Amino acid sequence: MGRKFVIASLLAVSLHATSLQAEESGSSLMERGAKLFLEGILKEVEPTVKDLQGMIDEMEPALKDFVERMGPALETLLEDVEDFSAYHPPEVLPNGDIILRKKALNEQAEPSNPDDQVDL
């Protein structure tokens, strides 16, 4: 019982002090609480963001190499395939080849506006 009373008293005193400080600084208790909450979240997230930045720095050379090698092939693919919704998801064959199977006409979605007119 004594420990609960001490904790409750400390909580009441700290809330009262925070309230007085908030009133003196011109911000409400809710504003001050929100600010403290967000500062706490930022402190918790900061190490993760630093780790993520390190991972990005490590991956950057590999990503640049990927773009240099695959960029032209992807550009050609985008030029050749007019509508990706007309194809099934890519399949990887046992030999490693990747194929795109075109859907049959009855599998393809009907255009919402067959006259190719824009509804305004």
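Residues numbered from 1 in each chain as written. Predicted model: local features only at pLDDT ≥ 70, side-chain atom pairs only at ≥ 80, totals over all residues. Heavy atoms only, no water.

Enquirer: In this structure, what is going on with a nonpolar patch on the surface? I would like to understand it.
Expert: Together, Phe66, Val67, Met70, Leu74, Leu77, Leu78, Phe84 and Leu100 make up an exposed nonpolar region whose accessible area comes to about 700 Å². By the element assignment, Leu100 lies in the segment after β2 (98-99). Classification of Leu100 as partly exposed rests on a relative accessible area of 34%. (Patch = residues over 30% accessible without salt bridge, like charges linked within 9 Å, V, L, I, M, F, W, Y side chains within 5 Å. Areas by Shrake-Rupley, 256 points an atom, 1.4 Å probe, with all protein chains shown as cover. Salt bridge = Lys/Arg side-chain N within 4 Å of Asp/Glu carboxyl O. Helix = DSSP H or I, 4+ residues; strand = E, 2+ residues; numbered from the N terminus. Buried < 20%, exposed > 50% of the residue type's maximum accessible area, 1.4 Å probe, protein only.)

Enquirer: How do you make sense of the pattern of salt bridges when you look at a structure like this?
Expert: Pairing of side chains with opposite charge becomes possible as their charged atoms draw close. Scanning the model with the defined rule gives 4 salt bridges in all. Here Lys64 ties to Glu60 by a salt bridge, and the two come within 3.6 Å at their closest N and O atoms. In this pair, Lys64 and Glu60 are both assigned in helix α2 (residues 29-80), 4 residues apart and thus about one turn of the helix distant. Here Glu60 falls in the partly exposed class, since its relative accessible area comes to 39%. Of the charged contacts, one joins Arg69 and Asp65 as a salt bridge, the two residues approaching to 3.7 Å between their closest N and O atoms. With a gap of 4 residues between them, Arg69 and Asp65 both fall in helix α2, about one helical turn apart. Since its relative accessible area comes to 64%, Arg69 is described here as exposed. What makes Asp65 partly exposed here is its relative accessible area of 36%.

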